[in-house]
Amino acid sequence: MTSKASPSELAALGLREGAPGCGLVIDGKLVSESVLAEVAQKSAALGLKPGLAVVLVGEDPASQVYVKSKGRAAESCGFHSVQHTLPVSTSQVDLIALVEALNADPAIHGILVQLPLPKHIDSTVVLETISPAKDVDGFHPVNAGLLAVGDIARALVPCTPAGSMILIERAANALGIDLAGKEAVVVGRSNIVGKPMAQLLLSRSCTVTIAHSRTHDLREVVGRADILVAAVGRPQMIPGDWVRKGAIVVDVGINRVPGEGLDSQGRPKSKLVGDVDYAGAATRAAAITPVPGGVGPMTIAMLMSNTLTAAARLR
Ligand code: GUN
């Protein structure tokens, strides 16, 4: 499978030619920039400032980084952006009281409680307290249910699968592929990525399989995929030679593993890798997302898009 698109058409879709003998690279950073620019433009025309509240409990360093980037992206879109940072000892009752106050705050249209929460807090209870209309993570059962019944127009869709779906559509467009009837395999069955991803692919009339840790002969299942989405969080667990020739591969995994050598302060270097062996898969895929620079930037862009959607609906 080769692209029928010219380099400038590819760039407009957020794709580029890969290394010699490899498929197209789906540039999530480029696509996320176009999504953010569109959100900023629509936000300016909305007649009210979309408000996003991000709640962080504790001091998990990875969560601190994510929350900071979410705040920065919200500001770049011209949103009203607030962050509530609570100590790790915060009680569930106090966290729920904050969520309820945000539900009632007319300046806030989107609420995100950063996960994971400390062990003494039941995240299901907290997430179910968020008003479904402000649930920009799309984790509330009302939004999961709307997605499951195919009412995507009324749902708020979880950000990572929503962003992955845009990347798949861009790649299919560049390759001249009609998604309807294609074999889509999602590896991973989480509520945050795997299940909603499968629903989105089903809504595009793909034939969808969800594979997981108990799947028999994963290699055979993966090898059937015209569209492969890997979302398991295990470094390079899918070898490149499992990938079907001509597949579109979206790698949701972001795994930190030891790198080579030492950094400037003499500490062992680390690097990020996906759930798929990129180098091997790129020689077989028609289009593939890199890690980093693939799905990652799309998640934050879709959070902004959901906040805009929520604001427009609550207006
Ligand atoms: N922690 C890691 N990813 C996410 C996400 O998408 N949403 C929330 N709320 N927490 C996360």
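Here the structure is shown first, and the text comes after it.
The rules behind the values
Residues numbered from 1 in each chain as written. Predicted model: local features only at pLDDT ≥ 70, side-chain atom pairs only at ≥ 80, totals over all residues. Heavy atoms only, no water. Buried < 20%, exposed > 50% of the residue type's maximum accessible area, 1.4 Å probe, protein only. Helix = DSSP H or I, 4+ residues; strand = E, 2+ residues; numbered from the N terminus. Pairing = 2+ DSSP bridges. Right-handed = clockwise from strand over helix to strand, strands pointing away. Near = heavy atom within 4 Å. Polar contact = N/O pair within 3.5 Å; in protein donor to acceptor, adjacent residues only side chain to side chain. Areas by Shrake-Rupley, 256 points an atom, 1.4 Å probe, with all protein chains shown as cover. 1 Å grid on protein atoms, 1.4 Å probe; cavity = no way out; pocket = protein on both sides within 12 Å on 5 of 7 lines; lining within 4 Å. Sits in = over half its atoms within 2 Å of the grid points. Nonpolar A, V, L, I, M, F, W, Y, C, P; charged D, E, K, R; others polar. Axes fitted to C-alpha atoms, helices over the stretch in contact; angles between N-to-C directions. Parallel < 35°, antiparallel > 145°, perpendicular 65-115°, else oblique. Left-handed = near helix turned anticlockwise from the far one by under 90°. Contact = heavy atoms within 4.5 Å. Disulfide = S-S within 2.5 Å. Salt bridge = Lys/Arg side-chain N within 4 Å of Asp/Glu carboxyl O. Core = buried A, V, L, I, M, F, W, Y, C linked by side-chain atoms within 4.5 Å.

S.K.: Looking at this structure, I do not really get the pairing of strand β6 (residues 183-187). What am I missing?
M.R.: Taken across its five residues, β6 has four buried, putting it largely inside the fold. The pairing of β6 with strand β7 (residues 207-211) spans five bridges and is classified as parallel. Looking at β7, one finds that Glu-183 is bridged to Thr-207. Each parallel crossover has a hand, and for β6 linked through helix α8 (residues 194-203) to β7 it is right-handed. Bridge analysis of β6 against strand β8 (residues 227-230) gives four bridges, and the strand direction is parallel.

S.K.: Honestly, the site of the ligand in this entry has me stumped. Any pointers?
M.R.: Taken together, Leu-112, Val-113, Gln-114, Leu-115, Asp-137 and Phe-139 form the complete shell of residues around the ligand. Within the side chain of Gln-114, an N or O atom sits 3.1 Å from a nitrogen atom of the ligand. Contacts to the ligand include Asp-137, whose side-chain N or O atom sits 2.5 Å from a nitrogen atom. In the complex, the protein chains occlude 79% of the 280 Å² of accessible area that the ligand would expose alone. Spatially, the ligand is embedded in the largest pocket. A per-class count over the shell around the ligand returns four nonpolar, one polar and one charged.

S.K.: Could you clarify how one ought to interpret the packing of helix α3 (residues 61-76) against helix α11 (residues 295-314) in this entry?
M.R.: The geometry of a pair of packed helices is captured by two quantities: the angle between their axes and the separation between those axes. Relative to each other, α3 and α11 sit at 50°, their axes nearing to 10 Å. Considered as vectors, α3 and α11 are oriented oblique to each other. Between α3 and α11 lies a crossing of right-handed hand. Together, Ser-69, Lys-70, Ala-73 and Ala-74 of α3 and Ile-300, Leu-303 and Met-304 of α11 make up the contact between the two elements.

S.K.: Please explain the state of the cysteines as it appears in this structure.
M.R.: A covalent bond bridging the sulfur atoms of two cysteines is what the word disulfide describes. Within this structure, the stated rule accounts for zero disulfides. Left without a disulfide partner, Cys-77 is nearest to the cysteine sulfur of Cys-159, which lies 12 Å away. The class for Cys-77 is buried, based on a relative accessible area of 2%. Accessibility expressed as a relative area gives 5% for Cys-159, which makes it buried.

S.K.: It is not clear to me how the pattern of salt bridges should be interpreted in this structure. Could you clarify?
M.R.: Note on pairing: side chains with opposite charge can pair once their charged atoms come close. Throughout the structure, instances matching the rule amount to eight salt bridges. In this structure, the salt-bridge partner of Glu-33 is Lys-29, at a minimum N-O distance of 2.8 Å. Of this pair, Glu-33 and Lys-29 both sit in helix α2 (residues 28-44), four residues apart, roughly one helical turn. Glu-33 sits in the partly exposed class, given a relative accessible area of 39%.

S.K.: Just to check I follow, could you spell out the sheet that holds strand β2 (residues 24-26) for this structure?
M.R.: The seven strands lie next to each other as β1-β2-β12-β9-β8-β6-β7, forming an open sheet whose pairing is mixed. The open sheet terminates on both sides in strands that have one partner only, identified here as β1 (15-16) and β7.

S.K.: Help me understand the nonpolar core, please; the structure alone is not making it clear to me.
M.R.: Leu-15, Ile-168, Leu-201, Ile-227, Val-229, Ile-248 and Met-304 are the most contacted members of the largest nonpolar core, which has 61 residues in total. Ranked by the residues each element gives to this core, the list is headed by α11, at 10 residues. When near neighbours in sequence (up to four residues on either side) are disregarded, Ile-227 contacts Ile-168, Leu-179, Lys-182, Glu-183, Ala-184, Val-185, Leu-201, Cys-206 and Ile-248. Val-221, Leu-228, Met-237 and Ile-288 belong to the second-largest nonpolar core, a separate cluster that totals 20 residues.

S.K.: Please clarify how unusual backbone geometry should be interpreted in this entry.
M.R.: Both trends apply: most residues other than glycine have a negative phi, and most peptide bonds are in trans. The omega torsion across Leu-115 and Pro-116 is 0°, close enough to zero to call that bond cis. With omega at 0°, the peptide bond leading from Val-291 into Pro-292 counts as cis. Inspection of the secondary structure puts Pro-292 in the loop between β12 (287-288) and α11. Phi angles above zero are rare outside glycine, and Asp-217 is one such case at about 50°. Along the chain, the position of Asp-217 falls in the loop between β7 and α9 (218-223). Non-glycine residue Gln-236 carries a positive phi angle of around 50°. Following the sequence through the fold, Gln-236 ends up in the loop between β8 and β9 (248-251).

S.K.: Sorry, what's going on with the side chain of Asp-251 here?
M.R.: By the element assignment, Asp-251 lies in strand β9. If we skip the residues at most four places from it in the chain, Asp-251 touches Ala-230, Gly-274, Asp-275, Val-276, Thr-289, Val-291 and Val-295.

By themselves, these figures tell us nothing about what the structure is for.
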